[in-house]
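Take a look at the letters that make up each chain.
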Amino acid sequence: MTETTTRPSGTAPGVAYPRLGLYIDGAWTQGTSGRTEDVLDPATGEVIAAVPLAGREDLDRALGAAERGFRLWRDTSVQERGKILHLAAEKIRERAPEIGRVMTAEQGKPLRESTGEANRAADMLDWHVEEARRAYGRIIPAGPGETLSVVKAPVGPVAAFIPWNFPAGGPMRKIAPALAAGCSIVIKASEETPGSACLLTECLADAGVPAGVLNLVFGVPAEISGHLIPSPVIRFVAFTGSVPVGKHLAGLAARVMKPSLMELGGHAPVIVCPDVDPVAAARACARGKFANTGQVCTSPSRFFVHGSIADEFTSAFVEAAEAVKVGNGLEPGTGMGPLISARRRDAVHRLVTDARDRGAKVLTGGSFVDGPGFFYRPTVLAEVPPEADLLSEEPFGPLAPILPFEELDEVIERANALPYGLAAYGFTHRADHADALVRGFEAGILSINHTGGSVPQAPSGGWKESGYGREGGSESLDGYLVTKRVSHKLV
Ligand code: NAD
């Protein structure tokens, strides 16, 4: 096993891709298992690196380090933790152009989205540092000679599992609240996008996060969760990913009575009311739909449009879809990159084929882009029958089914009919319609007249099978803190 305190850098075709490693107990290592997994550039399909996969010995070292790191970090003042983490945020901003290029090389999204994501990860860290300063307890009235209070303490070492769609934002949504709250963390980032996670980790290490507080691993996902979650060292489990995997991990955590946070999939409805400009609404919807190639848990994915404006909306949506420049995210002007993998591209195409076979009309797109890489055309569908898989399975790709409606009450019911409840969108200028949407939508994240993304100061999270727990906002620290009641009698 080779261990270094600084991570050597390597190169990959087209972009300087970092040398990958596991970061355990303050040192980079290639691990003990000898196993690796290829990392592909989804825009070319070429192998650009190999990520080492942790074995049990590595995981045990990470757990031991997290246990020691927790004791140290918990007892570090909130001011000192804040200084280190703010410095890490500065380093992330300084290195955002490099992180962005690496992210685009491994995940495919356009460079401007990648660089923006790296900067937002820094903002997320800064915000949590400040919020942790306000993790107040309270004093409860009691009798003479007695104090009764409530204090918040960091819950302990955290095990976190992150997918590939936000290679910097995803890890930071777990690292920021954990470290700001005073927890240590063992994080399994995605084997498909390990470079960004390594660069983020390097920023935190360079800023002075002590050994053991942050441990980064890659590996066979089921092996890692199966080992970390039952370990008595781990006190909290945080996962972002699909509903089936979330249910499995929540089950593992429940068996050992550990609290968990589950940020799972969605199938977000959009309701476009008859009072809006259909062209402007269609353009806004298309921007939201094709961001990150539709690979966002909150991506708008069922477009219910009032019958009186459906034709105009649909034409404008098709026009916007056809105007998207699909290509390598490193090329200037690219509006949409590839899907993450051939597997995901095939899954997206299967949904289109199924819908078409059942009578849907594909108005634009509906096919692979010729040449290398995992590209899929921005796709708009009409007349999709209710039984098509596309209307019940999360598409996680650039697919936009447009579905006309007549009555608002009836369409809110259709929108809520799936077991998902993550995001929902409405377009209307009427206060009564907006009120009906906000009260009626069964979703944890509601947006009216836009499809914009999350911000650190407001909570994001699911309802129904889309999960539980919140990331962002004052709720973000909840899972990472334990509430202690302290009753003190002066005798
Ligand atoms: P998947 O279900 O195979 O994996 C999702 C994530 O979970 C991956 O990062 C994977 O490494 C991890 N994972 C899988 N099994 C695990 C286990 N036993 N223990 C720990 N981690 C495990 O999905 P996929 O094919 O990578 O992506 C497709 C689907 O996943 C999408 O349709 C979408 O529903 C969902 N997804 C959701 C998000 C999100 O932001 N909520 C992100 C990525 C993927």
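Residues numbered from 1 in each chain as written. Predicted model: local features only at pLDDT ≥ 70, side-chain atom pairs only at ≥ 80, totals over all residues.

When you look at the pairing of strand β4 (residues 36–41) in this model, what are you seeing that I'm missing?
The side chains of a regular strand alternate between both faces of the sheet. Where β4 and strand β5 (residues 46–52) come together, 6 bridges link them in antiparallel fashion. Pairing of Thr36 across the sheet is with Pro52, part of β5. The hairpin formed by β4 and β5 contains 4 residues between the paired strands, and Gly45 there has a positive phi angle of roughly 75°. (Pairing = 2+ DSSP bridges. Helix = DSSP H or I, 4+ residues; strand = E, 2+ residues; numbered from the N terminus.)

What is the right way to look at the environment of Pro167 in this model?
Of note, Pro167 is situated in the loop between β8 (158–161) and α5 (169–181). Note: C-alpha distance between Pro167 and Ala121 (46 residues apart in sequence) is 10.0 Å. In this structure Pro167 touches Met103, Glu106, Gln107, Ser190, Thr193, Ser196 and Ala197, once residues within four positions along its chain are discounted. (Contact = placed C-beta atoms within 7 Å.)

Looking at this structure, how should I read the environment of Arg283?
Topologically, Arg283 is positioned in helix α9 (residues 278–290). According to the C-beta neighbour criterion, Arg283 is partly exposed, with 16 such atoms within 10 Å. The spatial distance from the C-alpha of Arg283 to the C-alpha of Ala321 is 8.9 Å, given a sequence separation of 38 residues. Setting aside chain neighbours within four positions, we find Arg283 in contact with Ala316 and Ala320. (Buried ≥ 20, exposed ≤ 12 C-beta atoms within 10 Å, placed from the backbone.)

I would appreciate a short explanation of the site of the ligand in the present structure.
Around the ligand, 20 residues are found, and the nearest of them are Pro163, Pro221, Ser225, Gly241 and Cys297. Looking at the shell around the ligand, the elements with two or more residues in it are α7 (221–228) and α8 (243–255). Of the residues that constitute the shell around the ligand, the class distribution is 10 nonpolar, 8 polar and 2 charged. (Near = placed C-beta within 6 Å. Nonpolar A, V, L, I, M, F, W, Y, C, P; charged D, E, K, R; others polar.)

What exactly am I supposed to notice about the sheet that holds strand β6 (residues 138–140) here?
Neighbouring strands of a sheet are bound in pairs by backbone hydrogen bonds; such pairs are parallel or else antiparallel. Pairing is antiparallel in the open sheet, where 3 strands are placed in the order β6-β7-β21. Because the sheet does not close on itself, it has two edges, and the strands there are β6 and β21 (481–489). Averaged over all pairs of adjacent strands, the angle between their axes in this sheet comes to 25°, without regard to strand direction. Note that strand β7 (residues 146–154) and β21 share 9 bridges and pair antiparallel. Residue pairing in the sheet places Leu148 in a bridge with Ser487 of β21. (Axes fitted to C-alpha atoms, helices over the stretch in contact; angles between N-to-C directions.)

Even after reading the chapter, I still don't get the packing of helix α3 (residues 96–107) against helix α4 (residues 111–132), so can you show me in this structure?
Running from amino to carboxyl end, α3 crosses α4 at an angle of 130°, the nearest separation of the two axes being 8 Å. As the angle between them shows, α3 and α4 are arranged oblique. In this structure, α3 meets α4 at a crossing whose hand is right-handed. Between α3 and α4, the contacting residues are Ala96, Pro97, Ile99, Gly100, Arg101, Met103 and Thr104 on the first element and Leu111, Ser114, Thr115, Glu117, Ala118 and Asn119 on the second. (Parallel < 35°, antiparallel > 145°, perpendicular 65-115°, else oblique. Left-handed = near helix turned anticlockwise from the far one by under 90°.)

How should the domain arrangement of the chain be read in this particular structure?
Bring the parts together and some accessible area is lost; that lost area is often taken as the interface size. Along its sequence, the chain is organised into domain 1 (22–264 + 467–485) and domain 2 (268–455). Each of domain 1 and domain 2 was reduced to a C-alpha centroid, and the two centroids are 31 Å apart. Residue-level contacts link 17 residues of domain 1 with 20 residues of domain 2. Of all the secondary structure elements, the ones that give two or more residues to the side of domain 1 that touches domain 2 are α3 and α4. The greatest single-element share of the side of domain 1 that touches domain 2, amounting to 3 residues, is contributed by α4. (Domains from an automatic or database assignment.)

Just to check I follow, could you spell out the sheet that holds strand β17 (residues 399–405) for this structure?
Read across the sheet, 7 strands follow the order β15-β16-β17-β14-β13-β18-β19 without closing on themselves; strand pairing throughout is mixed. This sheet does not close on itself; its edge strands, each paired only once, are β15 (361–364) and β19 (445–448). For this sheet, the mean inter-axis angle between neighbouring strands, taken without regard to orientation, is 25°. The pairing of β15 with strand β16 (residues 379–382) spans 3 bridges and is classified as antiparallel. In the strand pairing of β16, Val362 is matched with Leu381.

What is the right way to look at the nonpolar core in this model?
A general feature of soluble globular proteins is that nonpolar side chains tend to end up buried together. In this structure, Leu125, Leu179 and Ile185 are the most contacted members of the largest nonpolar core, which totals 88 residues. By residue number, the principal contributor to this core is α4, which donates 8 residues. With residues up to four places along the chain from it excluded, the contact list for Ile185 reads Ala66, Pro157, Val158, Ala160, Lys174, Ile175, Ala178, Leu179, Leu214 and Asn215. By size, the runner-up hydrophobic cluster in this structure holds 63 residues, among which are Ala310, Leu339, Leu399 and Tyr420. (Core = buried A, V, L, I, M, F, W, Y, C linked by C-beta atoms within 7 Å.)

Looking at this model, I keep getting lost on the environment of Ala89. Mind explaining?
Looking at the element boundaries, Ala89 is found in helix α2 (residues 78–94). In contact with Ala89, other than residues within four places in its own chain, are Ala122, Leu125 and Asp126.

What's the story with α9 in this structure? I'm lost.
The α-helix winds at 3.6 residues per turn, so residues separated by three or four positions along the chain end up facing the same way. With 13 residues, α9 should cover 18 Å at 1.5 Å per step; its first-to-last C-alpha distance of 18 Å lies within 8% of that length. Turning to α9, its buried residues number three or more, namely Pro278, Ala281, Ala282, Ala284, Cys285, Ala286, Gly288, Lys289 and Phe290. The elements touched by buried residues of α9 are β13 (268–272), β14 (300–306), α10 (310–323), β17 and β18 (423–427). Asn292 sits one or two positions beyond α9 and adopts a positive phi of about 55°. (Expected span 1.5 Å × (residues − 1).)

Can you walk me through unusual backbone geometry in this structure?
With glycine set apart, most residues show a phi of negative sign, and most peptide bonds adopt trans. One non-glycine residue, Asn292, lies in positive phi territory at about 55°. Inspection of the secondary structure assignment puts Asn292 in the loop between α9 and β14. We classify Asn292 as buried; it has 22 C-beta atoms within 10 Å. For Glu383, which is not glycine, the phi torsion reads 55° and is therefore positive.

Is there a simple way to think about helix α6 (residues 194–206) in this case?
In this model α6 runs 18 Å from its N-terminal to its C-terminal C-alpha over 13 residues, within 8% of the 18 Å that 1.5 Å per residue would give. Among the residues of α6, Pro194, Gly195, Ser196, Ala197, Cys198, Leu199, Leu200, Thr201, Glu202, Cys203, Leu204 and Ala205 are the ones counted as buried. A positive backbone phi angle near 110° is found at Gly208, which sits one or two residues after α6.

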